[in-house]
Amino acid sequence: MNAVAASSLRSVSRTLASSGAAKRSFAAAAGSENLVKTALNDLHRELGGEMVPFAGYELPVLYKGDNGGVMNEHLWCREEGKAAMFDVSHMGQIRWHGKDRVAFLEKVVVGDIAGLTPGSGLLSLVTNEKGGILDDTVITNAGDFVYMVVNGATKFGDMKHFQEQLDQFDGDVTMEYLEDTMQLLAIQGPGAAAAIAKILPEGFDLTNMAFMTGTDTTLDGVEGCRITRCGYTGEDGFEIAMPEASANSIASKLLEDPAVNPTGLGARDSLRLEAGLCLYGNDLNEETNPIEGALGWTLGGKGGRRRTEQGFLGAETFLTPEGKFRKQSRKRVGIFGMKAPARDHTEIYDATGENLIGEITSGTYSPCLKAPIAMGYVSSANAKAGTEVMLKIRNKMQKAAVTKMPFVESRYYRVPE
């Protein structure tokens, strides 16, 4: 995420506790920018969406109405039998073609792409020569091609980086950016599977569709669509891609189900923070490596092929030749126990309040826990769960403690045994 988009979402998270002033400032900003509108823009407005600029697009921060507002939308997504629908069409969808596509991708991301069986996917990281994270991405082996989804605010920078690497790569690989011809919706929550089943072809086996798998399909009879069981809320859910011309009809069909609630950026941010998930531009950036970011698991287990063979940009900066993690001076952790919300850039001190040991990168009020939560980076010596710390909030010191994440237990889908 670029600085403008990160700033927008930081403001979005504040709507949990703020007045209409912040919302009005969004409206003013929206009018002053040349923003891209998704295919659902008119529908968002009809549903009472409060539109804000984000990642170069105009998207709803929240919806007005009985089930609207960040708090209500957030809690709806966690409630049994309910599902939240997000417009995530700003994200970048890329197809990789050519017989050497896997070899190329393993030079630019850290994950085991060669190990993906048809239909399976993973969360991976795009790194630079210094080992810094350029983006996080979901990658799926789609059989004849590799399907990649990157963050909306970083997609053009990502593709510029990919093209630079392609220019140096001697092999058969082509990058196909789908632009806005394919729109993307996320359906998240305990009721997501029941809701999505209503628009899938008869006989589609959702029961045996594992988390982080995807396939091409029809949606509400529309050809050329794709479904992936994934998401960024800590709940079961799906991302569905469909041709731009059919986005309105498919979204409207989903919303005919009373269990499905339109949900904006504000709740999306508080949901991902409760789930302990990173926001690129806040919690991850090109100066942060996977080990610092507590994302070493994306490289595979100890002794795994990607950790030992390496071959991706910056590997040697945070891995030893044997594939062990190099020691880091700081680590991403959860922070809990403060009385007031700690926003990004809040300073973290040791228990004495005298020694600066880190900084908050994301913070909000947790609707589920009814308490402030945050994540950030602290010195490795202070990264153990239970370590007492002090936060400097509005020039006053507040007690808090390092904690494990997620803050709210994740409920990703598991195929029955």
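As shown above, the structure is provided for reference.
Residues numbered from 1 in each chain as written. Predicted model: local features only at pLDDT ≥ 70, side-chain atom pairs only at ≥ 80, totals over all residues. Heavy atoms only, no water.

**Thoughts on the overall build of the protein chain**
Heads up, the condition is: Here a helix means four or more residues in a row that DSSP labels H or I, a strand means two or more in a row labelled E, and each is numbered from the N terminus. Computation of the radius of gyration draws on C-alpha atoms alone. For the globule rule, the value is 2.2 Å times the number of residues to the power 0.38. Working definition: with a 1.4 Å probe on protein chains only, accessible area under 20% of the residue-type maximum means buried, over 50% means exposed, and in between means partly exposed. Contacts are residue-level and defined by heavy atoms, with any inter-residue pair within 4.5 Å sufficient. Methods summary: accessible areas were calculated by the Shrake-Rupley approach with a probe of 1.4 Å, and residue burial reflects only the protein chains presented. For the purpose of charge, His is not counted, nor are the chain termini; Lys and Arg are scored as positive and Asp and Glu as negative. Where a charge lies is defined by one atom per residue type, namely NZ (Lys), CZ (Arg), CG (Asp) and CD (Glu).
Regarding its fold elements, the protein chain presents eleven helices and 20 strands. Its C-alpha atoms give the protein chain a radius of gyration of 21 Å, near enough to 22 Å, the size a compact globule of 417 residues would have. With the principal axes as the frame, the protein chain shows a C-alpha extent of 65 × 55 × 50 Å. Across the 417 residues in the protein chain, those meeting the buried criterion constitute 58%. In the protein chain, the proportion of contacts linking residues at least 24 apart, taken out of those at least 6 apart, comes to 65%. About 17600 Å² of surface is accessible on the protein chain, with carbon and sulfur atoms providing 49% of the total. When the 43 positive and 53 negative side-chain charges of the protein chain are each reduced to one mean point, those points stand 8 Å apart.

**Quick look at the pairing of strand β2 (residues 49-54)**
What counts, and what does not: Pairing between two strands requires that DSSP report at least two bridges joining them.
β2 sits mainly inside the fold: six of its six residues count as buried. The alternating pattern of β2 places Gly49, Met51 and Pro53 on one face and Glu50, Val52 and Phe54 on the opposite face, and all of these are buried. One ladder, built from six bridges, connects β2 with strand β3 (residues 57-63); its direction is antiparallel. Opposite proline 53, over in β3, you have glutamate 58 as the bridge partner. Counting the residues between successive antiparallel strands, the hairpin from β2 to β3 contains two residues, one of them, alanine 55, with a positive phi of roughly 55°.

**Thoughts on the packing of aromatic side chains**
The cut-off we apply is this: The criterion for an aromatic pair is that two Phe, Tyr or Trp rings (for Trp, the six-membered ring) have centres within 6.5 Å, with stacked assigned to planes under 30 degrees apart, edge-to-face to planes over 60 apart and tilted to the rest. Comment: the charge-over-ring label is applied if NZ (Lys) or CZ (Arg) is within 6 Å of the ring centre and within 35 degrees of the ring normal.
Using the criterion set out here, one finds six aromatic pairs in the structure. Here the aromatic rings of tryptophan 96 and phenylalanine 162 are separated by 5.4 Å at their centres, their planes lie at 80°, and the arrangement is edge-to-face. Linking tryptophan 96 in strand β5 (residues 92-97) with phenylalanine 162 in helix α6 (residues 155-167), this pair joins segments that are 66 residues apart in sequence. Owing to a relative accessible area of 0%, tryptophan 96 belongs among the buried residues under this scheme. Given the relative accessible area of 0%, phenylalanine 162 is considered buried. What links up through ring pairs into an aromatic cluster is the set Trp96, Phe104, Phe162 and Phe169. The ring centre of tryptophan 76 lies 3.9 Å from the NZ or CZ of lysine 82, which sits over that ring.

**Examining the nonpolar core**
Convention followed: Here the nonpolar core consists of buried residues drawn from Ala, Val, Leu, Ile, Met, Phe, Trp, Tyr and Cys, with membership extended through side-chain atoms lying within 4.5 Å.
The biggest cluster of nonpolar side chains holds 28 residues, and the ones touching the most others in it are Ile196, Ile240, Ile250 and Leu254. When residues of this core are traced back to their parent elements, those giving at least two are β4 (83-87), β10 (182-188), α7 (192-197), β12 (222-228), β13 (237-243) and α8 (247-255). No other element matches the five residues that α8 contributes to this core. With near-sequence residues (within four places) excluded, isoleucine 250 lies in contact with Ile199, Leu219, Asp220, Val222, Cys225, Ile240 and Met242. Judged by nonpolar contacts, the second largest core, of 26 residues, contains Ala55, Cys77, Phe86 and Leu178.

**Some words on the state of the cysteines**
Disulfides are covalent bonds that connect the sulfur atoms of two cysteines. Spelled out, the test is: Defined by distance alone, a disulfide is two cysteine sulfur atoms within 2.5 Å.
Scanning the model with the defined rule gives zero disulfides in all. Cysteine 77 provides the cysteine sulfur closest to cysteine 230, a residue in no disulfide bond, and the two sulfurs are 13 Å apart. Free cysteine: cysteine 278, not disulfide-bonded; nearest cysteine sulfur from cysteine 230 at 16 Å.

**Considerations on the packing of helix α4 (residues 70-78) against helix α9 (residues 265-274)**
Short version of the rule: Between N-to-C directions, angles cover 0 to 180 degrees, with each direction set by a line fitted to C-alpha atoms, over the stretch in contact for helices. Orientation categories follow fixed angle ranges, with anything under 35 degrees roughly parallel, anything over 145 roughly antiparallel, 65 to 115 roughly perpendicular, and all other angles oblique. Two helices crossing with the near one rotated counterclockwise from the far one by less than a right angle form a left-handed crossing, whereas a clockwise rotation gives a right-handed crossing. Polar here means any residue other than Ala, Val, Leu, Ile, Met, Phe, Trp, Tyr, Cys and Pro, which are nonpolar, and Asp, Glu, Lys and Arg, which are charged; Gly is therefore polar.
Running from N to C, α4 and α9 point in directions that differ by 50°, and their axes come no closer than 8 Å. One element, α4, and the other, α9, form an angle in the oblique class. Crossing of α4 over α9 shows right-handed handedness. Judged by residue contacts, Val70, Glu73, His74, Cys77 and Arg78 of α4 engage Gly266, Ala267, Ser270, Leu271 and Glu274 from α9. Residues that form the contact of α4 with α9 fall into these classes: four nonpolar, three polar and three charged.

**Thoughts on the side chain of asparagine 128**
Keep this limit in mind: Here a polar contact means two N or O atoms within 3.5 Å. Within protein one must be a hydrogen donor candidate and the other an acceptor candidate, and residues neighboring in sequence count only if both atoms are side-chain atoms.
Following the sequence through the fold, asparagine 128 ends up in the loop between β6 (121-127) and β7 (133-141). Of the residues examined, asparagine 128 reaches a relative accessible area of 10% and is grouped as buried. Polar side-chain contacts of asparagine 128 include one of 3.0 Å to the backbone nitrogen of lysine 130. The residues contacting asparagine 128, other than those within four sequence positions of it, are Leu134, Glu286, Leu313 and Gly314.

**Considerations on the sheet that holds β3**
If you trace the three strands from one edge of the open sheet to the other, you get β1-β3-β2, paired in mixed fashion. Single-partner strands in this sheet number two, and they are β1 (36-37) and β2. Contacts from α9 reach β2 and β3 within the one sheet, and its direction differs from that of β3 by about 75°.

**Considering helix α5 (residues 101-108)**
Listing the buried residues of α5 in full gives Arg101, Phe104, Leu105, Glu106 and Val108. Along its buried surface, α5 packs onto β5, β6, β8 (146-150), α6 and α10 (305-309).

**Description of α9**
Most of α9 is tucked away: nine of the ten residues are buried. For α9, every residue scored as buried is listed here: Leu265, Gly266, Ala267, Asp269, Ser270, Leu271, Arg272, Leu273 and Glu274. Where α9 terminates, the next one or two residues include glycine 276, which has phi positive at roughly 75°.

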